[in-house]
Each structure stands twice: as C-alpha cells, then as structure tokens.
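Structural features, examined
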Amino acid sequence: LVHHAAFIGVGLVASFLVSEIERVPPLGIALVFLFVFFETAFQIFLLAMGEPLLGGIAFWGVAVANLLAAAAMAAYLWYRHPRILTHFNRIWNED
C-alpha cells in the first residue's frame, strides 16, 4: 500500500513538473538532474541496506525494474506533452 501511494505521489509531482516545463523550459534540465540524483541515491541505498530488505531479489533486478518504470513514465509524459523536446532543444541551442 505504501509503495502504491508513493508512486501515485511521485507521478502527480512529475506530471505537474512536466507541465511546468512548458512555461519554464530550464526546469526540464533541473528535472533531469533531479531524476539522476534520486535514482543514484536509491541505488546506493540498496547497496548499503538492500540485503535485509530485499531478501533473495537481486540488486540488478531492482535496478532494471526502476529503469523500465522510469522509461515507461517518461514515454507517457512525453506522449502527453510532445512539445517538451523542442524546449530542451531551445535550451541547449541558446547563444
């Protein structure tokens, strides 16, 4: 139950932030860095505390599942907000 509530909360926050990228394009870069930071922190947490929590589940299985879930969420958000890529291109190509 906690797992589902956490993902619903993260999904709501991610959806709000992605919709805000259309108004404030640099927020997209910050969102990418934030994702990388949290994903890395979670993997470090699993390496440190994972054995008692995960039992027999392999570390790489959790890492692959997280990346697949993130890719699915990103694909859905990109489908719902197709102009995001143009905002990223505009940010990187500013002179």
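The structure this text deals with has already been given above.
Residues numbered from 1 in each chain as written. Predicted model: local features only at pLDDT ≥ 70, side-chain atom pairs only at ≥ 80, totals over all residues. Heavy atoms only, no water.

**Some remarks on the packing of aromatic side chains**
Any two aromatic rings considered together are summarised by their centre-to-centre distance and by the angle between their planes. In the structure shown here, the tally under the stated rule is one aromatic pair. Each ring, one from Phe-37 and one from Phe-38, has its centre 5.4 Å from the other, and the planes form 70 degrees; the classification is edge-to-face. (Phe/Tyr/Trp six-rings, centres within 6.5 Å; stacked < 30°, edge-to-face > 60°.)

**A short note on the nonpolar core**
Residues Val-18, Ile-21, Ile-29, Leu-77, Ile-84 and Phe-88 constitute the largest nonpolar core, which totals six residues. Ignoring any residue separated from it by four or fewer positions in sequence, one finds Phe-88 in contact with Gly-28, Ile-29 and Val-32. (Core = buried A, V, L, I, M, F, W, Y, C linked by side-chain atoms within 4.5 Å. Buried < 20%, exposed > 50% of the residue type's maximum accessible area, 1.4 Å probe, protein only. Contact = heavy atoms within 4.5 Å.)

**Structural notes on helix H3 (residues 59–80)**
Here H3 spans 32 Å end to end across 22 residues, near enough to the 32 Å set by a 1.5 Å rise per residue. Turning to H3, its buried residues are Val-62, Ala-63, Asn-66, Ala-70 and Leu-77. The buried residues of H3 occupy an angular sector of 100 degrees when projected down its axis, which confines them to one face. The exposed set on the far side of H3, more than 90 degrees from its buried face, consists of Trp-60, Leu-68, Tyr-76 and Tyr-79. (Helix = DSSP H or I, 4+ residues; strand = E, 2+ residues; numbered from the N terminus. Expected span 1.5 Å × (residues − 1). Arc of directions from axis to C-beta.)

**Here's the deal with a nonpolar patch on the surface**
Among the surface-exposed residues, Leu-47, Phe-59, Trp-60, Val-64 and Leu-68 lie close enough to one another that they form a single nonpolar patch of about 570 Å² accessible area. Per-element accounting of the nonpolar patch gives the leading share, four residues, to H3. Among the structural elements, Val-64 can be located in helix H3. (Patch = residues over 30% accessible without salt bridge, like charges linked within 9 Å, V, L, I, M, F, W, Y side chains within 5 Å. Areas by Shrake-Rupley, 256 points an atom, 1.4 Å probe, with all protein chains shown as cover. Salt bridge = Lys/Arg side-chain N within 4 Å of Asp/Glu carboxyl O.)

**A word on helix H1 (residues 2–21)**
Taking 1.5 Å per residue, 20 residues should reach 28 Å; H1 reaches 29 Å between its end C-alpha atoms and fits that length. All of the buried residues in H1 are Val-18, Glu-20 and Ile-21. Each buried residue of H1 sits inside an arc of 150 degrees when the element is viewed along its axis, so together they form one side. Along H1, exposed side chains directed more than 90 degrees from the buried face belong to His-4, Ile-8 and Leu-12.

**A look at the layout of surface pockets**
If you add up the space inside the largest pocket, you get close to 1,300 Å³. What lines the largest pocket is a set of 32 residues, and nearest its centre among them are Val-10, Ala-14, Phe-35, Ala-70 and Met-73. Those elements that provide at least two residues to the lining of the largest pocket are H1, helix H2 (26–54), H3 and helix H4 (84–92). Take the lining of the largest pocket: its biggest share by element is eleven residues, from H1. Of the residues assigned to the lining of the largest pocket, the class counts are 26 nonpolar, five polar and one charged. (1 Å grid on protein atoms, 1.4 Å probe; cavity = no way out; pocket = protein on both sides within 12 Å on 5 of 7 lines; lining within 4 Å. Points joined across faces, edges and corners; volume = space filled by probe spheres on them. Nonpolar A, V, L, I, M, F, W, Y, C, P; charged D, E, K, R; others polar.)

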